[in-house]
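Understanding the architecture of this molecule
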Amino acid sequence: MAKAKTAFVCGDCGSDYHKWQGQCSDCGAWNTLSEIRLGSAKSTSRASAGRSGFAGELAPAKVLSEIDVSEVKRIPTGMTEFDRVLGGGLVPGSAILLGGNPGAGKSTLLLQACCGLASHMPALYVTGEESPQQIAMRAQRLSLPLDELKLMAETNVEAILAALDKHQPRLLVVDSIQVVYSEELSSAPGSVSQVRECAATLTRAAKQRGIVLLLVGHVTKDGSLAGPKVLEHMIDCSVLLESSDDQRFRTLRGQKNRFGAVNELGIFAMTEQGLREVKNPSAIFLERGEKQSSGSVVMVVWEGTRPLLVEIQALVDDSPLGNPRRLAVGLEQNRLAMLLAILHRHGGLQVGDQDVFANVVGGVRVLETSVDLALLLAIVSSFRDRPLPRDLVVFGEVGLAGEIRPVPSGQERLSEAAKHGFARAIVPRGNAPKTAPKGMQVHAVATLGEALALDF
Ligand code: TYD
Ligand code: MG
């Protein structure tokens, strides 16, 4: 009997190798390679076996201008915040991956969207984690329309494909991809090869039939999608649902989008009635007590097309450790280290023997560089134990030479802050407005030194 063909696949990035090795040469992770048995190609003809990763129909080549693009019409989900992150709605024939940690509300979000959508397009919700009864009960409790959405408990990918043929939906939800398995592979559900193969099979089926595929994916502790990175290459759009620290709000962020921008942020509130959209979120994360405390300052983040006011906090304290800690929550860890070096070099402040903790209040994640100046001022304020004024708002990028660089949409950020009653602002010189918003005093600075010299 011929020996079964096997390969070794990295659990982190999905690269495959002929032989086992201790470290994945692609992503550098150690001990992540596991052996998988390759599916036999017998059942498929030679011609199609060679195109196993191909997702479209075979057609003659055309020049770009000949290709009809007018027919791609987006389907609004009925949830504006969801549509905003998707870039305007669902695109037929696309595969969307919705990631998030357990309890983030992925199933709730999709159930709400699908119940609404099912009234104007046939939809099938395949659940592998909850029973149909549980989902029906939830839909009933949330007073969603119950008459149109078809529900099915299934984890076998071949059975899901058969259901596609039988019910002919235009929208397919699979909750979640980690529990789906294929009979053709011997490895356990949730393993790299199963997730990879099943996602590829479903994506291919969706593209060929022109239906919208929504996959739910779990997220590991560090925030990356559990299962191989290859998932992210296969799908058209990847969005991540995250919960805030106090569990009240959920943020939906695009990570990859072949049909739109990825910097949009959708905000929902988790209520008794399921997820509710927060239409005007600019100040929802801003809740400050009366007391003026050091190490805290407000900044304006520009998320996609909307401003968001968030509070940045820092705590600088004598470290009992030989190797002081630098911890950033909601901010980039490396950026914090870099900013501390800039502060030492260009601000003359030595924090080498101090623990430095930085946090964005409300559990929001700030990826923009405009947080730099606010974070540095919060650190200095905590270090000197001198509170910054409560009506001060700060934003700006800090360069390695200690220069303060302008950020996009400076004027809009300022007017949003003015609307919420902030009377003072420190902004990059490049963002200095011709006329400051009414009732606001704007300090435009070009270097870190100038910003630190401002005395309030
Ligand atoms: P769920 O959609 O099951 O999360 P996921 O599929 O991402 O694991 O959401 C579960 C959480 O949402 C749970 O912690 C309770 C909360 N929740 C509410 O607060 N109100 C509601 O109406 C619903 C449906 C859920
Ligand atoms: Mg779920």
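Residues numbered from 1 in each chain as written. Chains lettered and ligands numbered in written order. Predicted model: local features only at pLDDT ≥ 70, side-chain atom pairs only at ≥ 80, totals over all residues. Heavy atoms only, no water.

**Re the sheet that holds strand β2 (residues 16-17)**
The criterion, for reference: For two strands to count as paired, DSSP must find a minimum of two bridges between them. Only DSSP runs of H or I reaching four residues or more are called helices, and only runs of E reaching two or more are called strands; each is numbered from the N terminus. Any two residues whose heavy atoms approach within 4.5 Å are treated as being in contact. The angle between two axes is taken between their N-to-C directions and runs from 0 to 180 degrees, where each axis is a line fitted to C-alpha atoms and a helix contributes only its stretch in contact.
Taken in spatial order, the 3 strands line up as β2-β1-β3 in an open sheet, and their pairing is antiparallel. The strands lining the two open edges of the sheet, one partner per strand, are β2 and β3 (33-37). Contacts between helix α6 (residues 192-209) and the sheet are confined to β1 (6-10), β2 and β3, with β1 contributing the most and set at about 90° to the helix.

**Looking at empty space enclosed by the protein**
Applied cut-off: A pocket here means an open set of points on a 1 Å grid, computed over the protein atoms alone, that has protein on both sides within 12 Å along at least five of seven lines. A cavity is instead a set of points where a 1.4 Å probe fits but cannot get out; residues with an atom within 4 Å of a point line either one. Grid points are joined across faces, edges and corners, and a volume is the space filled by probe spheres set on the points. Each residue is assigned to one of three groups, with Ala, Val, Leu, Ile, Met, Phe, Trp, Tyr, Cys and Pro labelled nonpolar, Asp, Glu, Lys and Arg labelled charged, and all others, Gly among them, labelled polar.
By the definition in use, this model includes 2 cavities of 30 Å³ or more. Its boundaries defined by the atoms lining it, the largest cavity holds a volume of some 60 Å³. Taken together, L331, E332, R335, L336, L339, V366, L367, E368, V371, D372 and L375 make up the full set of residues lining the largest cavity. Where the lining of the largest cavity is concerned, the elements lending two or more residues are α8 (333-347) and α9 (371-384). Residues belonging to the lining of the largest cavity are distributed by class as follows: 7 nonpolar, no polar and 4 charged. The space that makes up the second largest cavity amounts to roughly 40 Å³. As for the second largest cavity, its lining consists of L86, G89, L90, V91, S94, I96, C237, N257 and F259.

**Some words on unusual backbone geometry**
Rules: Summary of the burial criterion: residues with accessible area below 20% of their type's maximum are buried, those above 50% are exposed, and those between are partly exposed, where the area comes from a 1.4 Å probe applied to protein chains only.
Cis geometry is adopted by the peptide bond preceding S176, which originates at D175 and carries an omega value of 0°. Positionally, S176 belongs in the loop between β7 (171-175) and α6. Despite not being glycine, S143 shows a phi value in the positive range, around 50°. Within the secondary structure, S143 is located in the loop between α4 (132-141) and β6 (150-153). For S409, which is not glycine, the phi dihedral falls at a positive 55°. S409 gets classed as partly exposed once you look at its relative accessible area, which sits at 22%.

**Remarks on the sheet that holds strand β11 (residues 265-271)**
If you trace the 9 strands from one edge of the open sheet to the other, you get β6-β5-β7-β8-β4-β9-β10-β11-β12, paired in mixed fashion. The open sheet has two edge strands with one neighbour each: β6 and β12 (274-277). The sheet shows a mean angle of 25° between the axes of neighbouring strands, direction not considered. Relative to β6, helix α5 (residues 157-167) is tilted by about 160°, and along the sheet it contacts β5 (123-127), β6 and β7. Its contacts with the sheet place α6 against β4 (95-100), β7 and β8 (212-218), and it is angled at close to 160° to β8.

**Overview of the site of ligand 1**
We apply this condition: Throughout this document, a residue counts as near a molecule or strand when at least one of its heavy atoms sits within 4 Å of that molecule or strand. In the analysis that follows, any N or O atom pair within 3.5 Å is treated as a polar contact, provided that within protein one partner can donate a hydrogen and the other can accept it, and provided that, for residues neighboring in sequence, both atoms belong to side chains. Every accessible area reported is derived by Shrake-Rupley at a probe size of 1.4 Å, with residue values counting cover from the shown protein chains alone.
Every one of the 15 residues lining ligand 1 counts as a neighbour, but G103, K106, S107, T108 and T271 are closest to it. One of the backbone N or O atoms of A104 is found 3.4 Å from an oxygen atom in ligand 1. Within the contact set of ligand 1, an oxygen atom lies 2.5 Å away from a side-chain nitrogen or oxygen of T108. A total of 560 Å² of accessible area belongs to ligand 1 in isolation, and the protein chains cover 72% of it. Mapped onto the shell around ligand 1, the elements with two or more residues apiece are α3 (106-117), α4 and β11. No other element matches α3, which puts 3 residues into the shell around ligand 1. For the shell around ligand 1, a count of residues per class yields 4 nonpolar, 7 polar and 4 charged.

**Focus on the pairing of strand β13 (residues 296-303)**
Most of β13 sits inside the fold, with 8 of its 8 residues counted as buried. Side chains S296, V298, V300 and W302 project from β13 onto one buried face, and the interleaved V297, M299, V301 and E303 project onto a second face that is buried too. Bridge analysis of β13 against strand β14 (residues 306-318) gives 8 bridges, and the strand direction is antiparallel. Residue pairing across strands places M299 opposite V310, the latter belonging to β14.

**Structural notes on the nonpolar core**
Burial of nonpolar side chains together is a common tendency in soluble globular proteins. Rule in force here: In this text, buried Ala, Val, Leu, Ile, Met, Phe, Trp, Tyr and Cys residues form a nonpolar core when linked through side-chain atoms within 4.5 Å.
Counting 60 residues, the largest nonpolar core has V310, I312, L373, I379 and V393 as its most contacted members. At 9 residues, α9 tops the list of elements feeding residues into this core. Discounting residues that sit within four places of it in the chain, V310 has contacts with F285, L286, V297, V298, M299, V301, V360, V364 and V366. L117, A139, L144 and L252 belong to the second-largest nonpolar core, a separate cluster that totals 36 residues.

**What about a nonpolar patch on the surface?**
Inclusion rule: For patch detection, residues must exceed 30% relative accessible area and be free of salt bridges, and they are connected within 9 Å for like charges or within 5 Å for nonpolar side chains (Val, Leu, Ile, Met, Phe, Trp, Tyr). Counted as salt bridges are all cases of a side-chain nitrogen of Lys or Arg within 4 Å of a carboxyl oxygen of Asp or Glu.
Side chains of L64, I67 and V69 sit close together on the surface and give an oily, nonpolar patch of about 340 Å² of accessible area. Tracing the backbone shows L64 in the loop between α1 (46-49) and α2 (80-86).

**Section: the confidence of the model for the protein**
How we decide: The quantity called pLDDT is the predictor's confidence in a given residue, expressed from 0 to 100.
Of the residues in the protein, 91% have a pLDDT of 70 or more, and the chain-wide mean is 87. Counting contacts from residues 43-49, a segment whose pLDDT is below 50, to residues more than four positions away or on other chains yields 2 contacts.

**A look at the packing of α3 against α4**
Note the cut-off: Any angle that falls under 35 degrees is termed roughly parallel, while one over 145 is termed roughly antiparallel, one within 65 to 115 roughly perpendicular, and all others oblique. In this scheme, a crossing is called left-handed if the near helix is turned counterclockwise away from the far one by less than a right angle; it is called right-handed if the turn is clockwise.
At a minimum axis distance of 11 Å, the contact between α3 and α4 shows a crossing angle of 65°. Considered as vectors, α3 and α4 are oriented roughly perpendicular to each other. When the axes of α3 and α4 are compared, the crossing they make is right-handed. Here S107, T108 and L111 of α3 come into contact with α4, specifically with I135, R138 and A139. Across the contact of α3 with α4, the residue classes break down as 3 nonpolar, 2 polar and 1 charged.

**Some details on the side chain of T203**
Locating T203 in the fold gives a position in helix α6. In contact with T203, not counting residues within four places along its chain, are A95, L213 and M234.

**Thoughts on the pattern of salt bridges**
Going through the model one piece at a time under the given rule, you end up with 16 salt bridges. With a closest N to O distance of 2.5 Å, R209 and D165 form a salt bridge. Here D165 lies in helix α5 and R209 lies in helix α6, a separation of 44 residues in the sequence. Through salt bridges with shared partners, a single network forms among E81, R84, E264 and R306.

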